[in-house]
Amino acid sequence: MSLNLKLKLPHLIRFGHPLSWRDMMLILIGASFMHLVAVFYPISPGGLGLETAVIQINTHVHSGPVAEELEMGVAHHHDQSEAEAQRIPSDLDASKFPVTSIIHHAPGYTLFRNLYMSNGTLYILTDHSTNFPEIRKMTSISMFADGSSENIAAREPTKEIMDFIDVVDAKRKWESRVFKVEGNTILFNDPSQFLRHYYHFVAELWFGVQAFWHGAFSEQIQDTIPVPAKAHNWNWNAYPILSNSNHPSMYQKGDNKGIPAIDRSIFMHTTPDGWRDNPGFNSFFLRAAFPSMSVEHEQDWQDRVAATNTISDKGRAFLFPLTLLVDRSAAFRDDMTGSHTQRTAAQAWEYMRNQGRLRGEKVGGWWHPVRKAVLSFAGLEQNVESEPEGTLPLPTKILITYISRQSGSRRKLTKESHQSLVQALEDLVYRRNSVYKDKLEFELIVMEAEKLTKDEQLSIISRTTILLGPHGNGLTHLLFMSPTSLSTVIEIFYPGGFAHDYHWTSRALGMGWVGVWNDTSFTYPNEPEVAYPEGFQEDYIPVHGPEVVRVIEDIVDKHAEAMDKH
């Protein structure tokens with residue numbers, strides 16, 4: 001018995017002769033081999049030119065408004081989505097590989113639409129890479145900084161950190177294996193070096209994030225743009241100078257209306273302990289200000305990296321639809337941070353201000369939603385200031401809060417200076433209460449933060465009019481002072497020393513600031529150069545109490561004149 005088989009092969013060859021048993025066995029063996037190959041090495045539909053769909057896994061936990069695309073401004077890089085879509089081959093669906101665009105960018109702060117990550121590399125999907133900022137102004141190799149030329153060079157980003165990819169290569173590289181991470185994400189590229197510090201974490205990292213995020217989704221108001229910014233001189237001044245604009249929004253307390261929620265923060269190069277300070281204020285702040293936000297750390301990020309690292313030629317990618325990438329080293333590559341202020345938040349603040357998007361510049365209105373959330377978390381809703389009507393409110397009580405560091409290990413006043421300062425302040429309060437009587441009350445609190453709960457500290461700070469103390473972490477509390485016409489920070493330095501930390505932050509919130517060197521004082525525009533002399537970090541800082549009192553009385557007298565006019 002014989003079988004007469006006619007098989008239709010790719011080259012249309014037909015077998016016209018009877019097959020032997022040997023032929024049949026070879027055919028069966030070959031068929032079995034091809035079946036095994038098909039099982040263990042499947043050919044993807046995309047490889048056959050068939051249409052495939054991107055798999056999207058919804059990992060979104062928190063709800064919030066969907067962010068709308070913003071029109072790109074002068075310092076932006078235009079939204080490429082329409083132009084990119086025109087260049088996508090007809091057999092590819094643009095919606096399955098949405099191109100990357102930048103909503104806003106300042107060095108160290110880049111707000112992306114559709115940022116991809118595969119095997120640890122952040123990918124910008126575009127056919128027009130020249131339309132984007134320099135990658136070194138967006139990100140870096142994350143490592144501890146020591147300021148040496150070798151270290152600065154070592155932090156320059158490589159293609160393994162961030163790279164461009166076009167749609168065709170993305171299709172070839174990932175096929176249908178792109179997974180959307182729903183929600184809005186903040187990616188922090190910083191190591192823990194500066195994160196385990198209350199000031200750097202809250203008053204620099206999150207201060208900058210809030211300025212940039214809130215500004216990005218606030219309406220642009222032309223009347224609030226400083227004139228120098230209209231000339232495109234973006235780094236026109238190293239210090240925040242209050243605008244001369246009388247637009248009502250200058251006193252506006254910002255809210256979260258129309259501002260997308262931040263659903264998650266990812267500290268890509270930091271362990272869970274890497275951003276938590278010893279006093280515990282960083283974690284308290286984060287949970288109070290953003291109670292619905294999830295937090296991921298280095299291990300979580302490495303889980304995502306490992307999940308996209310496959311041994312086959314076809315990889316995987318995560319797609320972040322709305323992402324703010326924050327990078328300290330990238331911010332320092334611009335002179336606003338690197339040369340002028342040494343404050344990374346200055347990049348975000350100046351950019352949004354020069355875009356006319358910084359709400360409530362004279363009262364720190366853009367920071368108000370955060371301040372309100374933290375104070376409400378501490379049960380201090382009654383201490384949240386009301387909306388001023390076109391001017392800074394006049395306080396009816398002046399609370400002077402002196403943050404003492406005498407129980408700490410460094411940066412303390414000499415014992416004699418501390419005692420004379422407290423005595424001078426007590427004399428001031430007694431004398432002024434005698435003069436003003438029922439018209440204006442004075443109060444003094446000498447605060448030792450380490451002896452108070454966080455709620456107790458915030459209760460004092462939220463009522464404080466004048467905050468003073470040696471340069472140090474405690475002055476970070478200025479973020480939660482209520483803005484008034486008298487709100488001022490008085491910072492005591494070891495003579496000859498100066499740093500921008502609290503000076504810049506105070507002025508960025510519309511508050512006054514005065515520096516003191518023992519028996520002399522200075523303020524804008526006569527600040528000294530940044531300096532850290534021997535004694536800056538030590539426990540023998542001198543201060544002349546009467547000089548501090550003189551500074552306070554000068555501030556109060558200006559207020560008294562304003563009261564008389566009212």
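In this text, all values refer to a predicted model and were calculated from it rather than measured experimentally.

1. Quick look at the overall build of the protein
The number of helices and strands found in the protein is 16 helices and 15 strands. Expressed as a percentage of its 566 residues, the buried residues of the protein come to 53%. Here the analysis covers contacts within the protein between residues at least 6 apart in sequence; of these, 77% occur between residues at least 24 apart. When the accessible surface of the protein is totalled, it reaches about 25800 Å², and 53% of it is carbon and sulfur.

2. Describing the pairing of strand S9 (residues 317-326)
Along any regular strand, the residues point their side chains to alternate faces of the sheet. Most of S9 sits inside the fold, with ten of its ten residues counted as buried. Taken together, the eight bridges between strand S2 (residues 109-118) and S9 define a ladder with antiparallel strand orientation. Directly across from Thr110, in S9, lies its bridge partner Leu325. Across three bridges, the pairing between strand S5 (residues 178-180) and S9 is parallel. For Lys180, the partnering residue across the bridge sits in S9 and is Leu319. The pairing of strand S6 (residues 184-188) with S9 spans five bridges and is classified as parallel. Among the inter-strand pairings, Leu187 is bridged to a residue of S9, identified as Leu325.

3. Section: the pairing of strand S1 (residues 101-106)
Among the six residues of S1, six are classified as buried, and the element is accordingly described as predominantly covered. Between the antiparallel neighbours S1 and S2 lie two residues, among them Gly108 with a positive phi of about 90°.

4. What about the confidence of the model for the protein?
Of all residues in the protein, 77% attain a pLDDT of 70 or more, and the chain-wide mean is 82. Confidence drops under a pLDDT of 50 for residues 39-92, and excluding neighbours within four residues, the segment shows 107 contacts in the predicted structure. Counting contacts from residues 229-237, a segment whose pLDDT is below 50, to residues more than four positions away or on other chains yields 22 contacts.

5. Side note on the environment of Glu456
Along the chain, the position of Glu456 falls in helix H14 (residues 454-461). Of note is the side chain of Glu456, whose polar atom sits 2.9 Å from the backbone nitrogen of Thr453.

6. Some words on the pattern of salt bridges
Scanning the model with the defined rule gives 19 salt bridges in all. In this structure, Glu296 and Arg304 form a salt bridge, with 2.9 Å as the shortest nitrogen-oxygen distance. Taken as a pair, Glu296 and Arg304 share a single burial class, namely buried. Between Glu553 and Arg432 there is a salt bridge whose closest N-O contact spans 2.9 Å. Of this pair, Glu553 sits in helix H16 (residues 545-565) while Arg432 is found in helix H13 (residues 415-436), placing the two residues 121 residues apart along the sequence. Overall, the relative accessible area of 16% leaves Glu553 in the buried class. By relative accessible area, which is 9% here, Arg432 ends up buried. Here the salt bridges do not stand alone but share partners, grouping Glu204, Arg328, Arg343 and Asp501 into one network.

7. Concerning the packing of aromatic side chains
Per the counting criterion, the structure on display carries 33 aromatic pairs. An angle of 65° between the planes, with centres 6.1 Å apart, marks the rings of Trp366 and Trp367 as edge-to-face. This pair shows no difference in class: Trp366 is buried, exactly as Trp367 is. One aromatic cluster is present, formed by Phe188, Phe201, Trp206, Phe207, Phe267, Trp275, Phe285, Phe290, Trp349, Trp366, Trp367 and Trp504 through successive ring pairs. If you follow Arg328 out to its NZ or CZ, it ends over the ring of Phe194, 3.9 Å from the centre. The ring of Phe281 carries the charged tip of Lys454 above its face, separated from the ring centre by 5.8 Å.

8. Thoughts on the nonpolar core
Where a protein is soluble and globular, its nonpolar side chains tend to be buried together. The biggest cluster of nonpolar side chains holds 78 residues, and the ones touching the most others in it are Trp206 and Phe285. Among all residues touching Trp206, those that are not within four sequence positions of it are Phe188, Phe201, Ile262, Ser265, Phe285, Leu286, Phe290, Met293 and Trp367. Listed in part, the 28 residues of the second largest apolar core include Val422, Tyr436, Ile466 and Val514.

9. A word on the sheet that holds strand S13 (residues 488-492)
Hydrogen bonding along the main chain pairs the strands of a sheet, whether they run parallel or antiparallel. Strand order in the open sheet formed by six strands is S11-S10-S12-S13-S14-S15, with mixed pairing between adjacent strands. Each edge of the open sheet carries a strand with a single partner, namely strand S11 (441-447) and strand S15 (520-522). Averaged over all neighbouring strand pairs, the angle between strand axes comes to 20°, with direction disregarded. Pairing analysis gives five bridges linking strand S12 (residues 466-470) to S13, with the strands arranged parallel.

10. Points about the side chain of Thr344
Mapped onto the fold, Thr344 is located in the loop between helix H10 (335-341) and helix H11 (345-354). For Thr344, a relative accessible area of 6% corresponds to the buried category. Apart from residues lying up to four places away in sequence, Thr344 is in contact with Tyr109, Glu204, Arg328, Ala331, Phe332 and Thr337.

11. Structural notes on helix H4 (residues 167-174)
The complete set of buried residues in H4 reads Val167, Ala170, Lys171 and Trp174. Looking straight down H4, one finds its buried side chains confined to an arc of 100°; they lie on one side. On its buried side, H4 packs onto S2, strand S3 (121-125), strand S4 (162-165), S5 and S9. For H4, the N-terminal cap is Asp166; the gap from its side-chain oxygen to the backbone nitrogen of Val168 is 3.3 Å.

12. Section: unusual backbone geometry
With an omega of 5°, the peptide bond between Tyr524 and Pro525 qualifies as cis. Position of Pro525 relative to the elements: it lies in the loop between S15 and H16. For Asn119, which is not glycine, the phi torsion reads 55° and is therefore positive. Classification of Asn119 as partly exposed rests on a relative accessible area of 41%.

13. Describing the packing of helix H7 (residues 281-289) against helix H12 (residues 368-377)
Between H7 and H12, the least distance of the axes is 8 Å, while the angle of their chain directions is 105°. In terms of orientation, H7 lies roughly perpendicular with respect to H12. On the side of H7, the interface is formed by Phe284, Phe285, Arg287, Ala288 and Ala289, while H12 contributes Val370, Ala373, Val374 and Phe377. Grouping the amino acids of the contact of H7 with H12 by side-chain chemistry returns eight nonpolar, no polar and one charged.

Definitions and limits used
- Residues numbered from 1 in each chain as written.
- Predicted model: local features only at pLDDT ≥ 70, side-chain atom pairs only at ≥ 80, totals over all residues.
- Heavy atoms only, no water.
- Helix = DSSP H or I, 4+ residues; strand = E, 2+ residues; numbered from the N terminus.
- Buried < 20%, exposed > 50% of the residue type's maximum accessible area, 1.4 Å probe, protein only.
- Contact = heavy atoms within 4.5 Å.
- Areas by Shrake-Rupley, 256 points an atom, 1.4 Å probe, with all protein chains shown as cover.
- Pairing = 2+ DSSP bridges.
- pLDDT = per-residue confidence, 0-100.
- Polar contact = N/O pair within 3.5 Å; in protein donor to acceptor, adjacent residues only side chain to side chain.
- Salt bridge = Lys/Arg side-chain N within 4 Å of Asp/Glu carboxyl O.
- Phe/Tyr/Trp six-rings, centres within 6.5 Å; stacked < 30°, edge-to-face > 60°.
- Lys NZ or Arg CZ within 6 Å of the ring centre and 35° of its normal.
- Core = buried A, V, L, I, M, F, W, Y, C linked by side-chain atoms within 4.5 Å.
- Axes fitted to C-alpha atoms, helices over the stretch in contact; angles between N-to-C directions.
- Arc of directions from axis to C-beta.
- Parallel < 35°, antiparallel > 145°, perpendicular 65-115°, else oblique.
- Nonpolar A, V, L, I, M, F, W, Y, C, P; charged D, E, K, R; others polar.

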